[in-house]
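# An overview of the molecular structure
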Amino acid sequence: MSESVTSTEPKISVTGLVKSYGDNEVLKGIDVEIAPGEVVCVIGPSGSGKSTFLRCLNRLEDITGGSVVVDGVDLTDKKVDIDEVRQHIGMVFQHFNLFPHMTALENVMLAPVQTKKSTKEEARENGIRLLGQVGLADKTEARPANLSGGQKQRVAIARALAMNPDVMLFDEATSALDPEMVGEVLQVLRDLAAGGMTMVVVTHEMGFAREVSDRVIFMADGYIVEEGTPEGVFGNPQQPRTQDFLRKVL
Ligand code: ADP
Ligand code: MG
């Protein structure tokens, strides 16, 4: 008897996830498994718990109940070195928070050098490669003040990639951008997805979600109300809440 050699271990496994702030239960029992290389877009109305969910995936929030397991490591386990876990999970926010006194390259080099993951030379070489990958080969020496919003966000993505994560979380990475800069940032996400990165993307860009995701999750009021393929969720939503939301945003 031989066991299957195909690994079906989920990259992220969330079971009964509850998150409360005081009396306010924001996540009311989330169950989801995300496979290696899967691209999951999370959509839903403001205040539905999307950001909180994302932040629980790298324990930027303390989890009230349930479990979050990443690569077999239970993040709720008190013995887990959360800093070590976070090094494998890159996160990109709406606001890029680059260090203004540092060049693009210095911003990208910082974490690998500080955590002693790389020497300065390795971090520089890798940083130049990553800035090239996000289309900023000519901006390595520029400071944030001299970059557009779209360029800053691409530096922030390169900075997250510099730790060589195997999961990337995006929380409305394009929401603060002028419309003409949204496309260049989404293109970087598209390239990452095509390269096999496991991604959880909270987004208002419905066209992007429809085109790039393997799966779409619709959240409302702290629940996953509906999930499925982009064709299913966008083309033939089953739940009234989903139908109502899509009517408003599409
Ligand atoms: P979304 O990202 O879908 O807009 P959030 O996860 O940001 O939703 O917020 C969900 C709910 O949790 C909201 O009611 C919000 O007010 C509340 N919330 C989020 N962060 C905090 C916090 N740090 N303290 C208290 N309440 C919070
Ligand atoms: Mg949010």
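As the structure is a prediction and not an experimental result, all values here were calculated from the model.

## Notes on the sheet that holds strand β3 (residues 39-43)
- The strand order β6-β7-β8-β3-β9-β10 describes an open sheet built from six strands, whose pairing is mixed. Sheet topology places β6 (89-92) and β10 (223-228) at the edges, where each strand pairs with a single neighbour. Here the strands of the sheet are splayed against their neighbours by 15° on average, with no regard to which way each runs.
- Alignment of β3 against strand β8 (residues 198-202), held across four bridges, turns out to be parallel. When the bridges of β8 are listed, Val40 appears paired with Val200.
- Along the sheet, helix α6 (residues 179-194) makes contact with β3, β7 (167-171) and β8, crossing β8 at roughly 150°.
- Contacting β3, β9 (215-220) and β10, helix α9 (residues 240-249) crosses the sheet at an angle of about 100° to β9.

## Some remarks on the site of ligand 1
- Surrounding ligand 1, one finds Tyr21, Val26, Pro45, Ser46, Gly47, Ser48, Gly49, Lys50, Ser51 and Thr52.
- Note that an oxygen atom of ligand 1 is positioned 2.7 Å from one of the backbone N or O atoms of Gly47.
- The separation between an oxygen atom of ligand 1 and a polar side-chain atom of Thr52 is 2.5 Å.
- Taken by itself ligand 1 offers 560 Å² of open surface, and the protein chains cover 58% of this.
- When residues in the shell around ligand 1 are grouped by element, the largest group, three residues, is from helix α1 (residues 50-56).

## Some words on the packing of helix α3 (residues 104-114) against helix α5 (residues 149-161)
- It is at 8 Å that the axes of α3 and α5 come closest, and there the two elements cross at 25°. Considered as vectors, α3 and α5 are oriented roughly parallel to each other. The handedness of the crossing between α3 and α5 comes out as right-handed. Contact residues: Ala104, Asn107 and Val108 in α3; Val155, Ala158 and Arg159 in α5.
- In terms of residue class, the contact of α3 with α5 is built from four nonpolar, one polar and one charged.

Conventions used here
Residues numbered from 1 in each chain as written. Chains lettered and ligands numbered in written order. Predicted model: local features only at pLDDT ≥ 70, side-chain atom pairs only at ≥ 80, totals over all residues. Heavy atoms only, no water. Pairing = 2+ DSSP bridges. Helix = DSSP H or I, 4+ residues; strand = E, 2+ residues; numbered from the N terminus. Axes fitted to C-alpha atoms, helices over the stretch in contact; angles between N-to-C directions. Contact = heavy atoms within 4.5 Å. Near = heavy atom within 4 Å. Polar contact = N/O pair within 3.5 Å; in protein donor to acceptor, adjacent residues only side chain to side chain. Areas by Shrake-Rupley, 256 points an atom, 1.4 Å probe, with all protein chains shown as cover. Parallel < 35°, antiparallel > 145°, perpendicular 65-115°, else oblique. Left-handed = near helix turned anticlockwise from the far one by under 90°. Nonpolar A, V, L, I, M, F, W, Y, C, P; charged D, E, K, R; others polar.

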